[in-house]
Amino acid sequence: PQNSGTEAVPVPVIDFHVHLFGVGDAGTGCFLSAKQKKHVTYPFFLRLLNLTENGHLDEDYLQRIVEQLRASSLSKAVLLAQDCRYNSSGKQDLENTSFFVPNDYLLRVTRRYPELFIPCVSINPSRRDAVDELDRCVEQGARILKIHPPIQNVDPGEARFRPFYSACSRRGVIVMVHTGTEHSAEIVGNDVSSPSRLVTALEEGCIVIAAHSGMSAFYDKEDFFPQLVALVRRYPNLYCDT
């Protein structure tokens, strides 16, 4: 309101979905599989940002998004890590992982640029130390985490993850989950991307963000959006990003 005679305070605008990325050079701990490097998205990505595999691609990518953010009208960006797949014992499965951006690297970057980035760690709830990793990341300032079901090979709706979501709720950590179809990497199927799989976390009291709002490409047979509309009307703790 401007009728008080004072100027309106500008509202900060935050991009809530920016991916950190790397191939693992310069000690970042990132990982990109040989199969993913052959995927159509990877060479396109390199050309789009004028990047090359020169031994410091990870740092070059970081500087590209720093430059873009500083040149934009945004106040900050939420920067996302990317957890890997885990086997039936809850152990890391890099052999079947397309790409991996560790939480430690993300937290280093956000400490380096606190004026630009808000950390969003990535914790696959099927890892056997998921709650411990949550506690560790919260102690380092994380208040948002990301789960990518079809790439990370996890069904976020499984009842066995309730203790993990309960811990997120108690710690005040926002849970962002990919919804809708996925085409940028190898996936286990789009069924785990259904917004209906968010109910478990919502019932445990988490603030949940349906990343991509359950959207699909025009050629996809799945249409998850009606599910999302119904859930938004039912759960006041559910939000969407576009």
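Only a predicted model underlies this, so the values are computations on that prediction, with no experimental measurement involved. (Residues numbered from 1 in each chain as written. Predicted model: local features only at pLDDT ≥ 70, side-chain atom pairs only at ≥ 80, totals over all residues. Heavy atoms only, no water.)

This part takes up the pairing of strand 7 (residues 174-178). Here strand 7 lies mainly inside the structure; four of its five residues are buried. Direction of pairing for strand 6 (residues 144-147) relative to strand 7: parallel, over a ladder of four bridges. For I144, the partnering residue across the bridge sits in strand 7 and is I174. Where strand 7 and strand 8 (residues 208-211) come together, four bridges link them in parallel fashion. Directly across from M176, in strand 8, lies its bridge partner I209. (Buried < 20%, exposed > 50% of the residue type's maximum accessible area, 1.4 Å probe, protein only. Helix = DSSP H or I, 4+ residues; strand = E, 2+ residues; numbered from the N terminus. Pairing = 2+ DSSP bridges.)

Below, the discussion takes up the side chain of S193. Summarising the element assignment, S193 is placed in the loop between strand 7 and helix 8 (199-203). Residue class for S193 comes out buried when judged on its relative accessible area of 0%.

Those residues of helix 4 (residues 103-112) that sit buried are N103, Y105, L106, L107, V109 and T110. Residues of helix 4 that are buried in the fold lie against helix 3 (57-70), strand 3 (76-80), strand 5 (117-122) and helix 5 (130-139). (Contact = heavy atoms within 4.5 Å.)

We now examine the packing of helix 5 against helix 7 (residues 162-171). As a packed pair, helix 5 and helix 7 sit with axes 9 Å apart at the nearest point and diverge in direction by 15 degrees. Our classification of the angle between helix 5 and helix 7 gives roughly parallel. Considering only the axes of helix 5 and helix 7, their crossing is right-handed. Contacts from A130, V131, L134, D135 and V138 of helix 5 reach helix 7 at F164, A167, C168 and R171. (Axes fitted to C-alpha atoms, helices over the stretch in contact; angles between N-to-C directions. Parallel < 35°, antiparallel > 145°, perpendicular 65-115°, else oblique. Left-handed = near helix turned anticlockwise from the far one by under 90°.)

On to the pairing of strand 5. Burial of strand 5 is extensive: five of the six residues sit out of reach of the surface. Pairing between strand 5 and strand 6: three bridges, direction parallel. Of the residues in strand 6, the one forming a bridge with V121 is L145. Once you follow strand 5 into helix 5 and on to strand 6, the crossover reads as right-handed. (Right-handed = clockwise from strand over helix to strand, strands pointing away.)

A word on helix 7. Of the residues making up helix 7, those classed as buried are F164, Y165, A167 and C168. Buried residues in helix 7, looked at end-on, bunch into an arc of 155 degrees, giving them a common side. Exposed side chains of helix 7 directed beyond 90 degrees from the buried face belong to P163 and R170. Those residues of helix 7 that are buried are in contact with helix 5, strand 6, strand 7 and helix 8. Directly beyond the C-terminal end of helix 7, a positive phi value near 70 degrees is found at G172. (Arc of directions from axis to C-beta.)

Strand pairs in the sheet, formed through backbone hydrogen bonds, run parallel or antiparallel to each other. The seven strands are arranged 1-3-5-6-7-8-9 in an open sheet whose pairing can be described as parallel. Each end of this open sheet is capped by a strand with a single partner; those strands are strand 1 (14-19) and strand 9 (238-240). Here the average twist between neighbouring strands, direction ignored, is 30 degrees. Together, strand 3 and strand 5 form the strand contacts of helix 4, whose direction differs from that of strand 5 by roughly 175 degrees.

With that out of the way, let us pick up the packing of aromatic side chains. Under the criterion given, the structure shown has eight aromatic pairs. Residues F218 and Y219 carry aromatic rings whose centres are separated by 5.0 Å and whose planes lie at 80 degrees to one another, so their mutual orientation is edge-to-face. On the accessibility criterion, Y219 (53% relative accessible area) is exposed. Taken together, the ring pairs in this structure connect F21, Y42, F45 and Y61 into an aromatic cluster. (Phe/Tyr/Trp six-rings, centres within 6.5 Å; stacked < 30°, edge-to-face > 60°.)

Moving on, we get to the side chain of E182. With respect to the element layout, E182 can be found in the loop between strand 7 and helix 8. Despite its burial, E182 remains without a salt bridge, the nearest opposite charge being carried by K146 at 7.1 Å. Sequence-distant contacts of E182, that is, excluding residues within four places in its chain, are made with H148, P150, I151, I187 and N190. (Lys, Arg positive; Asp, Glu negative; His and termini not counted. Salt bridge = Lys/Arg side-chain N within 4 Å of Asp/Glu carboxyl O.)

On to the nonpolar core, then. By size, the foremost hydrophobic cluster in this structure holds 59 residues, and its most contacted members are F117, L134, L145 and L238. Among the elements that line this core, the one with the most residues is helix 3, at six residues. Setting aside residues up to four positions removed in sequence, F117 forms contacts with L62, I65, V66, L69, A77, L79, V109 and T110. Judged by nonpolar contacts, the second largest core, of seven residues, contains L80, C120, I144 and A211. (Core = buried A, V, L, I, M, F, W, Y, C linked by side-chain atoms within 4.5 Å.)

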